[in-house]
Amino acid sequence: MDVAAGGWILDRGAVVRILVLGSSEFDGDWHPLAALFGPLARRGHALQVAGDARLHDWIEASGLPVAVATHPPDFDAFLSTHTAELAHPSESDLFFAWSDALRQPALDLVRQWRPDALLCSLMKLPLAVRLRAECGVPLCFVNPSLYFDARGEARLKRDYPREAFRGVIRCWSALQDRAALVLHESSAGLDPDLEALPADHHYLGPVFWELPGTLPAYVSHRGDPWVLVAMSTGAVRRDVPFISAALRCLEGEAVRVLVTPSEAGRLDETALPQNVTVEEYVPHSEMLASTKMLVGHGGHGGVTKALYHGCRWC
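Nothing here was measured: the structure is a model prediction, and the numbers come from that model.

Draft legend 1. The arrangement of the packing of aromatic side chains in detail. In the structure shown here, the tally under the stated rule is 7 aromatic pairs. Here the aromatic rings of phenylalanine 208 and tyrosine 308 are separated by 5.6 Å at their centres, their planes lie at 75 degrees, and the arrangement is edge-to-face. Of this pair, phenylalanine 208 sits in the loop between β7 (201-203) and β8 (226-229) while tyrosine 308 sits in helix α11 (residues 300-308), and the two are 100 residues apart along the sequence. Given a relative accessible area of 62%, tyrosine 308 falls into the exposed group. One residue, arginine 17, lies across the ring of tryptophan 113, its end atom 4.2 Å from the ring centre.

Draft legend 2. Local environment of the sheet that holds strand β2 (residues 46-51). Across the sheet, which stays open at both edges, the 7 strands sit in the order β3-β2-β1-β4-β5-β6-β7 with parallel pairing between neighbours. Each edge of the sheet is formed by a strand with only one pairing partner; in this case those strands are β3 (67-70) and β7. On average, each strand axis in the sheet is inclined to that of its neighbour by 20 degrees, with strand direction left out of account. As judged from the 3 bridges shared by strand β6 (residues 181-184) and β7, these two strands associate in the parallel manner. Following the sheet pairing, valine 182 is matched in β7 by histidine 201.

Draft legend 3. Seen up close, the nonpolar core. Formed by 38 residues in total, the largest nonpolar core has its most connected members in Leu21, Leu125, Leu131, Leu139, Phe141 and Trp172. Secondary-structure elements contributing two or more residues to this core are β1 (17-21), α4 (75-82), α5 (91-113), β4 (117-120), α6 (125-135), β5 (139-143) and α8 (163-176). Ranked by residues supplied to this core, first place goes to α5 with 9 residues. With near-sequence residues (within four places) excluded, leucine 131 lies in contact with Leu21, Ala106, Leu107, Val110, Leu118 and Gly136. Counting residues in hydrophobic clusters, the runner-up holds 23 residues, among them Trp30, Leu40, Val49 and Leu55.

Conventions we followed
- Going along each chain's sequence as written, the residues are numbered from 1 onward.
- Predicted model: local features are reported for residues with pLDDT of at least 70 only, side-chain atom pairs are reported and counted for 80 or more only, and whole-chain, interface and lining totals are derived from all residues.
- Calculated side-chain values reflect all of the structure's heavy atoms, with hydrogen atoms and water omitted.
- Two aromatic rings from Phe, Tyr or Trp, using only the six-membered ring of Trp, form a pair when their centres are within 6.5 Å; if the ring planes differ by under 30 degrees the pair is stacked, by over 60 it is edge-to-face, and anything between is tilted.
- Strands here mean DSSP runs of E at least two residues long; helices mean DSSP runs of H or I at least four residues long; both are numbered from the N terminus.
- Exposure is judged per residue with a 1.4 Å probe applied to protein chains only, and the accessible area is read against the type maximum: over 50% gives exposed, under 20% gives buried, and values in between give partly exposed.
- For a Lys NZ or an Arg CZ to count as sitting over a ring, it must be within 6 Å of the ring centre and within 35 degrees of the ring normal.
- Whether two strands pair comes down to DSSP finding at least two bridges between them.
- Only the stretch in contact is used when fitting a helix axis, every axis being a line fitted to C-alpha atoms; angles between N-to-C directions are given from 0 to 180 degrees.
- The set of buried Ala, Val, Leu, Ile, Met, Phe, Trp, Tyr and Cys residues whose side-chain atoms join them within 4.5 Å is what this entry labels a nonpolar core.
- Contact between two residues is taken to exist if any of their heavy atoms lie within 4.5 Å; hydrogens are not considered.

And the structure:
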């Protein structure tokens, strides 16, 4: 079922104006939204993205057919200026407080642009639910592969060991029921023994949207097998220690290693093993077609790309 092309958002038979609420702070949260823009735009639907400045830069670089309105404050800026105002905040408290800070500029956008539907990412779900309640605009939520079927507290504790994060999972699970449509960026076979989804929930399958780019010519040269070491195509905090540990393990092995750190300049390239090359960015899906193994952090995007291309994952 091509939900993006024929589902609830587009069943009105006319051009639909969609306000997209996204954020760049959590990279895997953004990509499933971006993957929908092409199919929606090709059918003549108008999209307006409300996001942060970094998201604006990504969209400009990608050539996606959408307009962007910067929508401050971004999550990092909010944390740096408002956390002290909250007494012992939980992670779910922070997301709701961030939603409060974004509410007025988001309301202004809704009133100015008058969308027919809202499309939101996971991190903007609390805000989107508020806008739906205040403005009556139907909401579609795109879940970037988390699953919320706890099946009891014991299973929730097993699958989400950190209590603080379990609170956020409970929060998101309750909020998703207020969306008219929920799209899951996953497949039934990859979810852990879930019962049938509700009628307004649909699987998109794995979504592999990436920024455009080309592989360096040397990737196709004959030689030892390639190993890709990559935490994410976006900003991942504290990824350098993990990358460094992986490179120590691969040093001296009969492999060529390509590293794509999440932020350029954070690795000391003068101290890297001889079999290691660093690139600021390459499309991971294209690289994995020539790769024997992916070393990553276990995110849904990286794992499913590795499975798709028949790579080992570590």
